[in-house]
Amino acid sequence: MNTGADSVRGDSLKGERDAFRRPRRRGCPFCNDGAVVIDYKDPGMLRYFISDRGKIVPRRVSGVCAKHQRELTLNIKRARVIALLPFTTNY
Amino acid sequence: MTVSAAAAAQPPRLYEAIYILRPDVSREAAQKVSSRVQEVVQKGNGQLTLVEHWGRRLMAYDIEHNKRGVYVYVNYLGDGALVAELERNFRMLDEVMRFQTVKVAGDLDVAALKDQTATVDAYEPPTGDEEEELTLEQELGLVQGPRTLSARVMDDDDGMMDDDEDDE
């Protein structure tokens, strides 16, 4: 059982750590800005959603909503077929 | 209504195709491919609505040992049989390294598109001195452009990240 002093100290440390680690919640970039269209012919935009190795960034990381992630995935795969985006950087 | 009557009653759909020609393609050969596309679309009761030459550009990976390719983007109205026929022709043409056809999604004003008729203009191959210099990183395919949003997001969310991102 913690003493009162310990628990206060522990809570404040825990609070600081949580504040530091808490990810900033941004909304889906496509829902927020209706002007942005997902198009496989625009590799410059799609590049924001692939990792340095060419992998599709998961939506838990990028914050994209499920609907737009499905669309994004389809368009990234189409862009890969016509060599506008890489399948991998390690070939 | 018979099946064929139902098929005939279908309005034409808009498709977009991108094909990549070999980087060393001559003007005549590029013209030959363009005219073949036009011919096939016309024979299939379709209509070319747009032809765009994107020119010679660096591809994200090598295709048939070529780093660059000549991109041509076409839009056409037609049906599924026309798509199959056009793709069969792309496969036969040696100049075409890669092609992809996509049905354009969404509601379209087909009547307005019917008024558009694209003319196939000639591809102008670049002269030798137009070649831009590549850095070593670009040659090796390491350059991903400016630091990406995804990379920044990953840094921010390190508390949530597991060891590897493909563990799901």
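Now for a description of the structure that goes with this document.

Conventions adopted
Residues numbered from 1 in each chain as written. Chains lettered and ligands numbered in written order. Predicted model: local features only at pLDDT ≥ 70, side-chain atom pairs only at ≥ 80, totals over all residues. Helix = DSSP H or I, 4+ residues; strand = E, 2+ residues; numbered from the N terminus. Expected span 1.5 Å × (residues − 1). Buried ≥ 20, exposed ≤ 12 C-beta atoms within 10 Å, placed from the backbone. Arc of directions from axis to C-beta. Contact = placed C-beta atoms within 7 Å. Pairing = 2+ DSSP bridges. Axes fitted to C-alpha atoms, helices over the stretch in contact; angles between N-to-C directions. Parallel < 35°, antiparallel > 145°, perpendicular 65-115°, else oblique. Left-handed = near helix turned anticlockwise from the far one by under 90°. Nonpolar A, V, L, I, M, F, W, Y, C, P; charged D, E, K, R; others polar.

## Here we look at helix H2 (residues 27-43) of chain B
All names here are of chain B.
- A rise of 1.5 Å per residue sets the reference length of H2, with its 17 residues, at 24 Å; its end C-alpha atoms lie 24 Å apart and thus fit the reference within 8%.
- Along H2, the residues that are buried comprise Ala30, Val33, Ser34, Val37, Val40 and Val41. The buried residues of H2 occupy one face: seen down the axis, they fall within an arc of 130 degrees. Residues of H2 that are exposed and angled more than 90 degrees away from the buried face: Arg27, Glu28, Ser35, Glu39 and Lys43.
- Contacts made by the buried residues of H2 are with strand S1 (13-21), strand S2 (47-63), strand S3 (66-78), helix H3 (80-92) and strand S4 (96-103).
- Asn45, located one to two residues past H2, shows a positive phi value of around 60 degrees.

## Let's talk about the sheet that holds S1 of chain B
Residue and element names in this part refer to chain B.
- Across the sheet, four strands lie side by side as S2-S3-S1-S4; this open sheet has antiparallel pairing. Every interior strand has two partners, whereas the edge strands, S2 and S4, have only one. The average undirected angle you get between the axes of adjacent strands in this sheet is 20 degrees.
- Here nine bridges tie S1 to S3, and the two strands are oriented antiparallel to one another. Its bridge partner being in S3, Arg13 is matched across the sheet by Gly78.
- Packed on one face of the sheet, H2 meets S1, S2, S3 and S4 and runs near 20 degrees to S3.
- Together, S1, S3 and S4 form the strand contacts of H3, whose direction differs from that of S4 by roughly 170 degrees.

## Considering the packing of H2 of chain B against H3 of chain B
Residue and element names in this part refer to chain B.
- Contact geometry for H2 and H3: axes closest at 10 Å, N-to-C directions at 155 degrees. As far as their axial angle goes, H3 and H2 are roughly antiparallel. Note on packing geometry: the crossing formed by H2 with H3 is right-handed. Counting all contacts with H2, which are made through Arg36, Val37, Val40 and Val41, the residues of H3 involved are Leu82, Glu85, Leu86 and Asn89.
- Each residue belonging to the contact of H2 with H3 can be placed in one class, and the counts come to five nonpolar, one polar and two charged.

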